[in-house]
Amino acid sequence: MAEHTAARRGPEPPDLSEKGGNKDGQPQRSDERLFMQFMAFGGCGSTEELANALDHAKIAGVLYEDLNDPRGVGLLTFNEDPDYFLDRVRPVVNGPDFAPLTQKPEYTMLGRTYSIGYEPDLPEVLLHRPRRTVLNPAWKWGVFYPLRRSGKFAQLPVDEQRVILAEHGTIGMSFGAGDYAHDIRLACHGLDKDDNDFVIGLIGKDLYPLSALVQTMRKTQQTSLYLERLGPFFVGRALWQAVETV
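Everything numeric here is computed off the predicted structure, so don't read it as measured data. Numbers given for residues are sequential positions, taken from 1 along each chain in its written order. Where local features are concerned, this predicted model is filtered to residues with pLDDT of at least 70; where side-chain atom pairs are given and counted, the filter is 80 or more; whole-chain, interface and lining totals use all residues. The basis for every side-chain value is the complete set of non-hydrogen atoms in the structure, without hydrogens or water.

As a further point, take the environment of D197. Counting from the N terminus, the helices are DSSP H or I runs at least four residues long and the strands are E runs at least two residues long. As for its position among the elements, D197 is in the loop between β9 (182–187) and β10 (198–204). According to the relative accessible area criterion, D197 is buried, its value standing at 12%. Measuring from C-alpha to C-alpha, the distance between D197 and A187 comes to 6.0 Å, with ten residues separating the pair along the chain. Those residues within four positions of D197 in sequence are excluded, and the remaining contacts are L147, R148, R149, L186, A187, C188 and H189. Exposure is judged per residue with a 1.4 Å probe applied to protein chains only, and the accessible area is read against the type maximum: over 50% gives exposed, under 20% gives buried, and values in between give partly exposed. Residues count as neighbours in contact if any of their non-hydrogen atoms are within 4.5 Å of one another.

In structure tokens form, the structure reads like this:
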């Protein structure tokens, strides 16, 4: 009797799509993500020329005055295509208005929106809400920082990870419900020179609640037990906000 052996299958490609909860009875999937980049500069005597240069180039983003540097600014830009930062933003930063400034590489942050698998409206979470949050004219204050979790967190059972993250998420939602603070959560695995895991942006109409949120988060298990690195923190107030125009 001839021996039959099953053909060996090669490795299957990973599923890189973002996944959300069911919608109209069907699971949500998307390959769209929003990339957001933050850069900071010093030596700025006047911000008007910078805003004009961004307007002229039709850049979508936010320009912040640096609270901790009287001659500092921060620039947040975003797009679904990472080529945008090289093809559109880079020429502006190398142009005559930004070029005289001193870039602060320790504040450079780049990340991408992501899903956790339960979102009722996946495009809203991945594409629309982050844009609205940073461009809301009533929410001028922003705090941006990177973080890296310790390897111990990755070794925890999945259910235990969920409990720890739920504690973090509940605090964030409570601040959002009171219109005290609204967050931007970006994954940056392999996207920055310091090998951080995430970039966080806290956005709100007043500065104190953003600080209070950071203080409250310090008591959570994730922050107190499972963070390897946190910061540096950029704190600023928006002076220019603009959506991309064609």
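Still more ground to cover, so stick around.
Our focus in this paragraph is the pattern of salt bridges. Each reported salt bridge corresponds to a side-chain nitrogen of Lys or Arg within 4 Å of a carboxyl oxygen of Asp or Glu. Tallied over the full model, the rule gives 17 salt bridges. Note that E18 is salt-bridged to R33, the shortest N-O span being 2.6 Å. Of the two residues, E18 is situated in strand β1 (residues 18–23) and R33 in the loop between β2 (26–30) and β3 (35–42); the sequence distance between them amounts to 15 residues. The exposure classification of E18 matches that of R33, with both residues buried. The salt bridge partner of K104 is D69, with a shortest N-O separation of 2.5 Å. Separated by 35 residues along the polypeptide, K104 in the loop between β6 (102–103) and β7 (109–112) and D69 in the loop between β4 (61–66) and β5 (73–79) bring together distant segments of the chain. For the pair shown, K104 and D69 are each scored as buried.

As a rule of thumb, nonpolar side chains are buried together in soluble globular proteins. Core analysis: the largest hydrophobic core is formed by 47 residues, its most contacted members being Y64 and V134. At six residues, the largest contribution of residues to this core is made by β3. By convention a nonpolar core is built from buried Ala, Val, Leu, Ile, Met, Phe, Trp, Tyr and Cys residues, the set being connected through side-chain atoms within 4.5 Å. Core analysis: the next-biggest nonpolar cluster, separate from the first, contains 18 residues, A181, L202, L213 and V214 among them.

Attention shifts here to the pairing of β5. Within β5, seven of the seven residues are buried, which leaves the element mostly enclosed by the surrounding structure. Both faces of β5 are covered, namely the face carrying V73, L75, T77 and N79 and the face carrying G74, L76 and F78. Strand pairing follows a simple DSSP-based rule, namely that at least 2 bridges must link the two strands. Note that β3 and β5 share seven bridges and pair antiparallel. Residue Q37 lies in a different strand from β5, and its bridge partner there is T77. Looking at chain direction, β4 and β5 are connected through five bridges and run antiparallel. Counted as the bridge partner of E65 is V73 from β5.

From the geometry alone we can't say anything about function, so treat these as descriptive.
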